[in-house]
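Given next are the chains, with one letter for each unit.
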Amino acid sequence: MSRKPSAVLWDMDGTLVDTEPYWMAAETALVQSFGGSWTHEDALQLVGSGLIDSAVILQNAGVAMEAEAIVSHLTDVVQESLRTQGVPFRPGARELLRDLRDAGIPTGLVTMSLRRMALNVVDLIEFDAFDIVVAGDDVDNPKPHPEPYLQAAALLDVDIAEVIVIEDSPTGVRAGLASGALTLAVPHIVPLDHLGAHELWDTLDGRGAVDLTDLYDSRATATGAAR
């Protein structure tokens, strides 16, 4: 019988929900309001980054606001987009999350977005999706530092080595790997090849809890790490 992971930890933006276009549109409008320009390539460098780090980059692009004010403004704009345009879940993400819940595998949301936005997204899921939420304003060190994932494992009282992390960005993959979790990369906007992720899936569509259990079991057996 396959051994289940002790928990599955999800990134939010780009992994669970496709909010990156909302963020990019908000960033572009903000930079342009200060007379600057913001390209798609500029926006790509912020994917998966901590919000304060992103705010500093936006300041360098000409946004004359305090970093905290930039973060608050962008969060407000993206939350309004979610309210008016809906929550665009990534293919297969909601179905996999529900299947994990049905299988009794604990789940956590680990995002560098503000907690108020993370909870807003969680509230729009039609079932009790997560046991815990760790957000950007809950940690001292954002991804790619392992702290967010280590904090989530501690809150769930599980060994991080027995956890699967699902990520869509280089920053997030590095955080998962640094934490010691089995890190599953599911690329969305930027490629994730050659980052050292334990597994690379093109999509979550059609995947279920059994697929993650098989992944964990095969890796644990190969490394002799399973208990």
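Residues numbered from 1 in each chain as written. Predicted model: local features only at pLDDT ≥ 70, side-chain atom pairs only at ≥ 80, totals over all residues. Heavy atoms only, no water.

Describing the layout of surface pockets
The condition is simple: Residues are said to line a cavity or pocket when one of their atoms sits within 4 Å of a point; the points come from a 1 Å grid over protein atoms alone, cavities being sets where a 1.4 Å probe fits but cannot get out and pockets being open sets with protein on both sides within 12 Å along at least five of seven lines. Grid points are joined across faces, edges and corners, and a volume is the space filled by probe spheres set on the points. Helix and strand definitions here come from DSSP, where helices need a minimum of 4 consecutive H or I residues and strands a minimum of 2 consecutive E residues; each element is numbered from the N-terminal end. Asp, Glu, Lys and Arg are counted as charged, while Ala, Val, Leu, Ile, Met, Phe, Trp, Tyr, Cys and Pro are counted as nonpolar; the rest, among them Gly, fall into the polar class.
By volume, the largest pocket is sized at about 250 Å³. If you go around the largest pocket, you meet 15 residues; those closest to its centre are Leu51, Ile52, Leu114, Gly136 and Asp137. Elements represented by at least two residues in the lining of the largest pocket include exactly helix 3 (51–60) and helix 4 (67–85). Broken down by class, the residue content of the lining of the largest pocket amounts to seven nonpolar, four polar and four charged.

Focus on the pattern of salt bridges
Quick reminder of the rule: One speaks of a salt bridge when a side-chain nitrogen belonging to Lys or Arg is within 4 Å of a carboxyl oxygen belonging to Asp or Glu.
Taken as a whole and assessed by the stated rule, the structure comprises ten salt bridges. Between Lys143 and Asp11 there is a salt bridge whose closest N-O contact spans 3.0 Å. Separated by 132 residues along the polypeptide, Lys143 in the loop between strand 3 (132–134) and helix 7 (147–156) and Asp11 in the loop between strand 1 (7–10) and helix 1 (20–33) bring together distant segments of the chain. By sharing partners, the salt bridges in this structure join Asp11, Lys143 and Glu167 into a single network.

A few points about the packing of aromatic side chains
The criterion, for reference: Stacked, edge-to-face and tilted are the three classes for Phe, Tyr and Trp ring pairs, Trp counted by its six-membered ring, which pair at centre distances within 6.5 Å; planes under 30 degrees apart are stacked, over 60 edge-to-face, the rest tilted. Our definition puts a charge over a ring when NZ of Lys or CZ of Arg is within 6 Å of the ring centre and also within 35 degrees of the ring normal.
All told, the structure shown has zero aromatic pairs when counted by the stated rule. A cation over an aromatic ring shows up here: Arg207 above the ring of Trp201, its NZ or CZ 3.8 Å from the ring centre.

Considering the sheet that holds strand 3
Either a parallel or an antiparallel arrangement is found when strands of a sheet pair, and the pairing is made through backbone hydrogen bonds. Filter applied, for reference: In this description, strands pair whenever DSSP reports at least two bridges between them. Between two residues, a contact is recorded if the distance between any of their heavy atoms is within 4.5 Å. Axis definition: a line fitted to C-alpha atoms, over the contacting stretch in the case of helices. Angles run 0 to 180 degrees between N-to-C directions.
As summarised here, the arrangement of the six strands in space is 3-2-1-4-5-6, forming an open sheet in which the pairing is parallel. In this open sheet, the two edge strands, each paired with only one partner strand, are strand 3 and strand 6 (199–200). Relative to strand 4 (residues 163–167), strand 1 runs parallel, the two sharing four bridges. Within the sheet, the bridge partner assigned to Leu9 lies in strand 4 and is Val165. The strands touched by helix 6 (residues 115–123) are strand 2 (107–110) and strand 3; relative to strand 3, the strand with the most contacts, the crossing angle is about 145°. Strands strand 1, strand 2, strand 3 and strand 4 of the sheet are contacted by helix 7, whose axis makes an angle of about 155° with strand 3.

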